[in-house]
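# Tertiary structure, described
Single-letter residue listing:
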Amino acid sequence: MEFEFDLIVVGAGSGGLAAAKRAASYGAKVAIIEVNKIGGTCVLRGCVPKKLMVYAANNRRNMVSAEGYGLINKEITFNSSVLLKNVREEVSRLSHIHSNSLKKLNVTVFEGLGRFKNQNTVEVVCPKTRNILRKVSANKVLISVGGKPKKLEIPGVDLAWSSDDIFELQDFPKTLLIVGGGYIACEFASIFKNLGTEVIQIIRGQNLLSGFDKDLSECLKKSMTSLGIDLKFNNQLKSIKKIKGKLQSTLVSGSKFLTNNILIATGREPALKELHLDTLNLKMDGIYLDVNEVNQTSNSNIFAIGDIIKRPNLTPVAIEQGRVFADNYFADRRRKVNYQNIPKAVFTIPEISTVGLSEEEATEIYSELNIKIFKCSFTPMSNTFKKNKSKCMLKLVVNKKNDKILGCHMFGEAASEIIQMVSVSLNAGITKKDFDNTMALHPTISEEFVTMYG
Ligand code: NDP
């Protein structure tokens, strides 16, 4: 049967764009359907605008603590509307770059919601009127619609922000209550506090960043507390009420807080609702679409990548899934995504970065007897003349039997830059002896990784 296109991509986020561009570069006739601006979560409402805000927070932190270096900043003013405007402009610029590169590759862009009519036909629907604007057909369809913030089921929840709302702000609030202890909650707590907002953070468990190595989470807890972020563990938000222009949060414990705003960051979920997948009866894996190792769903014409499948929900993972999909199906290159040793970072200040197994995971898999931990914690030289003497922490988890590095963890400045490179060596099967045989580069923080003995 003849179709209008070889491939329809539903969702122009990082993964969808990567797949559409790679498939088009092989000569495939590609259409992409997107309801928002081109770019998706990472470019428009995630990694990129967030990281620009992290730079702002980092700059202010350095300015307020530069006196010991002879740099006196009597009055540092922060105009949040300037930052927010500049961030929005940069995001638009990047969105346009993506649109232009789609144009250059002859990818047809349809604006609207994508809705399945059948396995080869997707309707482009107006999000406001729900009118069908167009029907598009293709041999293959790739779903890459990404995720959306999970909503808490509590009274008054609509008064709170999700992370999406942050990037639409005109100004920063004076006080903010943040719910959650994961990536988004910690990153925004750090950004807002470092830029002058008073922050209260409500965490339902006993630790920040559950799933990360405990030492990293402890370092972050100490650092956020010393910064003045009011961390409330073992508690949950019960309801929100508007009182005299402010928001009153009531916690399960009965405590009440009055803040200008509330940010809920309790996870994200696949944004599959608008696709009308019920017509296709695709196999699910919980709330995610079930796919095989080449990202094929239970329908052989339909594929899924990114935050809608049960794999690490990270931008580079989605991009690689998109490229591998295109390589396999439009260039006959037999490739698979390598899910081993995916480096991760949480962009707090200082930041956390990690690759491989945490001490807890390694203990569970290999038992405590079979692993060895190398760890050091010290005040980095950059903090010598600062009032804030926060420490950094470096940790290696080693398999005693074969000396292989199982995990590498770091809390401190530039941790993400360092761990990105360490992840290359973990993928190559590096041993502790290889670290020991490597000359240190002095004076740096990361030299401690090659000088740890025990
Ligand atoms: P996370 O899964 O990282 O964290 C969710 C947090 O909310 C956890 O502390 C969790 O607690 C808590 N939580 C979940 N449900 C409830 C509830 N009902 N009541 C109270 N607390 C709750 O999600 P985020 O929203 O922070 O981020 C979503 C995803 O986005 C991340 O998992 C990551 O994939 C991606 N991301 C990546 C970034 C990066 O790479 N730097 C930055 C931002 C996002 P508990 O731990 O007890 O489950």
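That block above? That's the structure.
The structure displayed is predicted, hence computed values, not measured ones. All chains use their own residue numbering, which begins from 1 and follows the written sequence. Predicted model: local features are reported for residues with pLDDT of at least 70 only, side-chain atom pairs are reported and counted for 80 or more only, and whole-chain, interface and lining totals are derived from all residues. With hydrogens and water stripped out, all remaining heavy atoms of the structure feed into the side-chain values.

### Considerations on helix H7 (residues 214-227)
Quick note on the threshold: In DSSP terms, a helix is any run of H or I states spanning at least four residues, a strand is any run of E spanning at least two, and both are numbered starting from the N terminus. Expected span of a helix: the number of residues minus one, times 1.5 Å. Exposure categories follow from relative accessible area, calculated using a 1.4 Å probe and restricted to protein chains: below 20% of the type maximum is buried, above 50% is exposed, and the middle band is partly exposed. What qualifies as a polar contact is a pair of N or O atoms within 3.5 Å, subject to a donor-acceptor requirement within protein and to the restriction that residues adjacent in sequence count only when both atoms come from side chains.
Given a rise of 1.5 Å per residue, 14 residues ought to cover 20 Å, and the 20 Å separating the end C-alpha atoms of H7 matches this to within 8%. Residues of H7 that are buried: Asp215, Leu216, Ser217, Cys219, Leu220, Lys221, Ser223 and Met224. For H7, the N-terminal capping position is held by Asp213, with its side-chain oxygen 3.0 Å away from the main-chain nitrogen of Asp215. Gly228 occupies a position one or two residues after H7 and carries a positive phi of about 105°.

### What to know about the site of the ligand
Inclusion rule: Near residues are defined by distance, with any heavy atom within 4 Å of the molecule or strand qualifying the residue. Residue-level accessible areas treat just the shown protein chains as cover; the underlying method is Shrake-Rupley with a 1.4 Å probe.
Lining the immediate surroundings of the ligand are 19 residues, of which Gly181, Ile184, Ser210, Asn313 and Ala345 lie closest. At 2.8 Å, a backbone N or O of Ile184 approaches an oxygen atom of the ligand. Ala345 places a main-chain nitrogen or oxygen 2.8 Å from a nitrogen atom of the ligand. When the ligand is considered free in solution it has 910 Å² of accessible area, and contact with the protein chains removes 72% of it. With three residues, helix H6 (residues 183-194) is the single largest residue contributor to the shell around the ligand.

### Some details on helix H10 (residues 415-427)
Note the threshold: By definition in these notes, contact holds between two residues if any of their heavy atoms fall within 4.5 Å.
Helix length check: H10, at 13 residues, gives a terminal C-alpha distance of 18 Å against a target of 18 Å (1.5 Å per residue), a fit within 8%. Among the residues of H10, those classed as buried are Ala415, Ser416, Ile418, Ile419, Val422, Ser423, Ser425 and Leu426. Where H10 is buried, its residues touch strand E19 (344-346), strand E20 (352-356), strand E23 (405-411) and helix H11 (432-436). Of the residues trailing H10, Gly429 is marked for its positive phi of about 85°.

### Focus on a nonpolar patch on the surface
Worth spelling out the cut-off: Two distance rules govern patches: like charges are joined within 9 Å, and nonpolar side chains (Val, Leu, Ile, Met, Phe, Trp, Tyr) within 5 Å, applied only to residues with over 30% relative accessible area and no salt bridge. Here a salt bridge means any side-chain nitrogen of Lys or Arg lying within 4 Å of a carboxyl oxygen belonging to Asp or Glu.
A cluster of nonpolar residues, Tyr69, Leu71 and Phe385, forms a patch on the protein surface that exposes about 330 Å² of accessible area. For Phe385, the location among the structural elements is in the loop between strand E21 (371-378) and strand E22 (392-399).

### Considering the packing of aromatic side chains
Note the threshold: Only the six-membered ring of Trp is used, alongside the rings of Phe and Tyr, when aromatic pairs are assigned; centres must lie within 6.5 Å, and planes under 30 degrees apart are stacked while those over 60 apart are edge-to-face, with the rest tilted. A ring has a charge above it when a Lys NZ or an Arg CZ is no more than 6 Å from the ring centre and no more than 35 degrees off the ring normal.
Applying the stated criterion across every chain, the model contains twelve aromatic pairs. Summarising the aromatic geometry, the rings of Tyr183 and Phe212 are spaced 5.6 Å apart at their centres and angled 75° between planes, so their arrangement reads as edge-to-face. Taken together, the residues Tyr183 in helix H6 and Phe212 in the loop between strand E9 (198-202) and H7 connect sequence positions 29 residues apart. Judged by relative accessible area, Tyr183 falls into the partly exposed class, the value being 29%. Both rings, one in Phe325 and one in Phe330, keep their centres 6.0 Å apart while their planes meet at 75°; by these two values the pair is edge-to-face. One aromatic cluster in this structure is built from Phe78, Phe167, Phe172, Phe188 and Phe192. Looking at Lys29, its charged tip hangs above the ring of Phe5, at a distance of 5.0 Å from the centre. The ring of Phe374 has Lys432 lying over it, and the distance from NZ or CZ to the ring centre is 4.3 Å.

Remember, this is a structural readout, not a statement about activity or role.
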